[in-house]
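Results of the structural survey
Given next are the chains, with one letter for each unit.
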Amino acid sequence: MKTIFKHLLAISTMATALAAHADDKGHLYIIGEATPYGWSLDHAQSLLPSVEEPSVFTGTIYLKGGDGSTFKFMEDHEWGNPEYGVASDEEACVGNGQFQVATGSLDNGYKQMYVAQSGNYDITIDTKNLTASISRSDYQDSEINYISLFMVGNATAGGWSIEDGTPLGQSTAAPYEYSAIASLKATDNGNIASFKIVKSLRGGGSWDGQYFFFRDGADSGKISTDSTDDRQWSVAEDGDYSVTVNTLTNAITIEKYDGDTSAIDEISINSTGETSSAYYNLQGQKVDNPRGGIFIKVTGEDVEKVILH
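Residues numbered from 1 in each chain as written. Predicted model: local features only at pLDDT ≥ 70, side-chain atom pairs only at ≥ 80, totals over all residues. Heavy atoms only, no water.

1. Some words on the pairing of strand β13 (residues 149-152)
Alternating positions in β13 separate into two faces, L149 and M151 on one and F150 and V152 on the other, with burial throughout. The pairing of β13 with strand β14 (residues 166-170) spans three bridges and is classified as antiparallel. By the bridge assignment for β14, F150 is matched with P167. Sheet topology places β13 next to strand β18 (residues 196-198); three bridges connect them, and they run antiparallel. Of the residues in β18, the one forming a bridge with F150 is V198. (Buried < 20%, exposed > 50% of the residue type's maximum accessible area, 1.4 Å probe, protein only. Helix = DSSP H or I, 4+ residues; strand = E, 2+ residues; numbered from the N terminus. Pairing = 2+ DSSP bridges.)

2. Here's the deal with the pairing of strand β15 (residues 177-184)
The buried count for β15 comes to six of eight residues, which makes it a mostly enclosed element. In terms of strand pairing, β14 meets β15 through two bridges, oriented antiparallel. Across the sheet, Q170 pairs through a bridge with Y178, a residue of β15. Between β14 and β15, which pair antiparallel one after the other, the connecting turn spans six residues. Bridge count for β15 against strand β21 (residues 239-246) is eight bridges, and the pairing is antiparallel. Bridge pairing in β21 links Y178 to V245.

3. Quick look at the sheet that holds β21
Taking strand neighbours across the sheet as the criterion, the eight strands line up as β20-β19-β18-β13-β14-β15-β21-β22 in an open arrangement whose pairing is antiparallel. Because the sheet does not close on itself, it has two edges, and the strands there are β20 (223-224) and β22 (251-256).

4. Details of a nonpolar patch on the surface
Where nonpolar side chains cluster on the molecular surface, the patch consists of W39, W79 and L106 and spans about 310 Å² of accessible area. Relative to the assigned elements, W39 resides in the loop between β3 (28-32) and β4 (45-49). When its relative accessible area of 32% is taken as the criterion, W39 is described as partly exposed. (Patch = residues over 30% accessible without salt bridge, like charges linked within 9 Å, V, L, I, M, F, W, Y side chains within 5 Å. Areas by Shrake-Rupley, 256 points an atom, 1.4 Å probe, with all protein chains shown as cover. Salt bridge = Lys/Arg side-chain N within 4 Å of Asp/Glu carboxyl O.)

5. So, the pattern of salt bridges
A side chain of one charge can pair with a side chain of the opposite charge when the charged atoms of the two come close. Per the counting criterion, the structure on display carries 10 salt bridges. With a shortest N-O distance of 3.2 Å, E83 and K72 are connected by a salt bridge. Taken together, the positions of E83 in strand β7 (residues 83-86) and K72 in strand β6 (residues 71-74) put the pair 11 residues apart, joining distant regions of the chain. On the basis of relative accessibility, which here comes to 0%, the residue E83 falls in the buried class. Judged by its relative accessible area of 3%, K72 falls in the buried class. One salt bridge in this structure joins D107 and K72, with 2.9 Å as the shortest N-O distance. Of the two residues, D107 is situated in the loop between β9 (96-104) and β10 (114-115) and K72 in strand β6; the sequence distance between them amounts to 35 residues. Judged by its relative accessible area of 36%, D107 is partly exposed.

6. Some thoughts on the nonpolar core
By size, the foremost hydrophobic cluster in this structure holds 37 residues, and its most contacted members are I30, F71, F73 and I134. In terms of residues, this core owes the most to one element, β3, which gives four residues. Dropping the residues within four chain positions of it, I30 is found in contact with T35, Y37, A44, Q45, L47, I61, L63, F71, K72, F73, I123 and I147. Judged by nonpolar contacts, the second largest core, of 25 residues, contains Y139, L168, Y178 and I197. (Core = buried A, V, L, I, M, F, W, Y, C linked by side-chain atoms within 4.5 Å. Contact = heavy atoms within 4.5 Å.)

7. Things to note about the packing of aromatic side chains
Throughout the structure, instances matching the rule amount to eight aromatic pairs. Here Y146 and F213 contribute two aromatic rings whose centre-to-centre distance is 5.8 Å and whose plane-to-plane angle is 75 degrees, an arrangement assigned as edge-to-face. Linking Y146 in the loop between β12 (131-136) and β13 with F213 in strand β19 (residues 212-215), this pair joins segments that are 67 residues apart in sequence. Y146 sits in the buried class, given a relative accessible area of 18%. Judged by relative accessible area, which is 6%, F213 ranks as buried. Directly above the ring of F212 sits K196, whose terminal nitrogen or CZ lies 4.5 Å from the centroid. Its guanidinium or amino end placed over the ring of F213, K199 lies 4.7 Å from that ring's centre, counting from NZ or CZ. (Phe/Tyr/Trp six-rings, centres within 6.5 Å; stacked < 30°, edge-to-face > 60°. Lys NZ or Arg CZ within 6 Å of the ring centre and 35° of its normal.)

8. Details of the sheet that holds β6
Taken together, the eight strands give a closed barrel; going around it, the order is β3-β4-β5-β11-β12-β9-β7-β6, and neighbouring strands pair in antiparallel fashion. Adjacent strand axes in the sheet meet at a mean angle of 30 degrees when their direction is disregarded. As defined by bridge partners, β9 adjoins β12 across five bridges and the pair is classed as antiparallel. Paired with Q100 across the two strands is T131, which belongs to β12. (Axes fitted to C-alpha atoms, helices over the stretch in contact; angles between N-to-C directions.)

9. Brief notes about the environment of T244
Tracing the backbone through its elements, the reader meets T244 in strand β21. Classification of T244 as partly exposed rests on a relative accessible area of 22%. Along the backbone, T244 and E177 are 67 residues apart, and their C-alpha atoms lie at a distance of 6.8 Å. Leaving out residues up to four positions away in the same chain, T244 has contacts with Y178, S179, A251, I252 and T253.

Written out as structure tokens, the structure is:
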């Protein structure tokens, strides 16, 4: 039947509990020769947890193929902490769907894995149930080097703490886009507040410019790797903002978010009594693994607008 959106609330559904089996900020890291940055801890990319299942982490990234290019997952971006790889009775070559994982440390208790063919891969790993799925992404037009980005600065809730950076989640359909709904402030102690964008958390902690995106000197609607003058972004007034970064076009949009639902009039709901949830984008298209944006959540006959980070 058709249900008209009459009382949609724009609510944040960030998980209230910290992700199971991850660092205390809810990150899980991928590292290895197969990744664009090899074994560099400073560049290690963070998979973000699912809103509904904090132990399930997802992301899309380019992986080099071949058994000489292996990779694994880490709970923290320091050696000696729990790690995840292929279970000992599984094939080390992955990339065609679901498999069992095992946990250990420093390459003990599991096997490193690899993919046969180079390309962008969609990754899902459940650190509680010790399962994972890795498959070639539908998007292969350009190499995806980042799984998530983070906003950091005194304009954000986390301030200048790198580890408390506001995550920009990766789009499922367009993995070169990263977005979030974030509360930003215009001033801090009477001074203009600002933020910049961190590419990787451990490296960003050194404040080395190579780990950041800055405001382009000629166009504030563009990101740049040029760290000259440490150029940052600011907003004119306090409020909730929709922030989207496109690393393919180097574009950034920062727009005031007011919870407007006028773009959506109705959606078809199949009243079957099922309690599982389905997600749709704002164009009404079903999204299997939503993150990093605004979605319509349908559970039975209940419909709500949610913000997923």
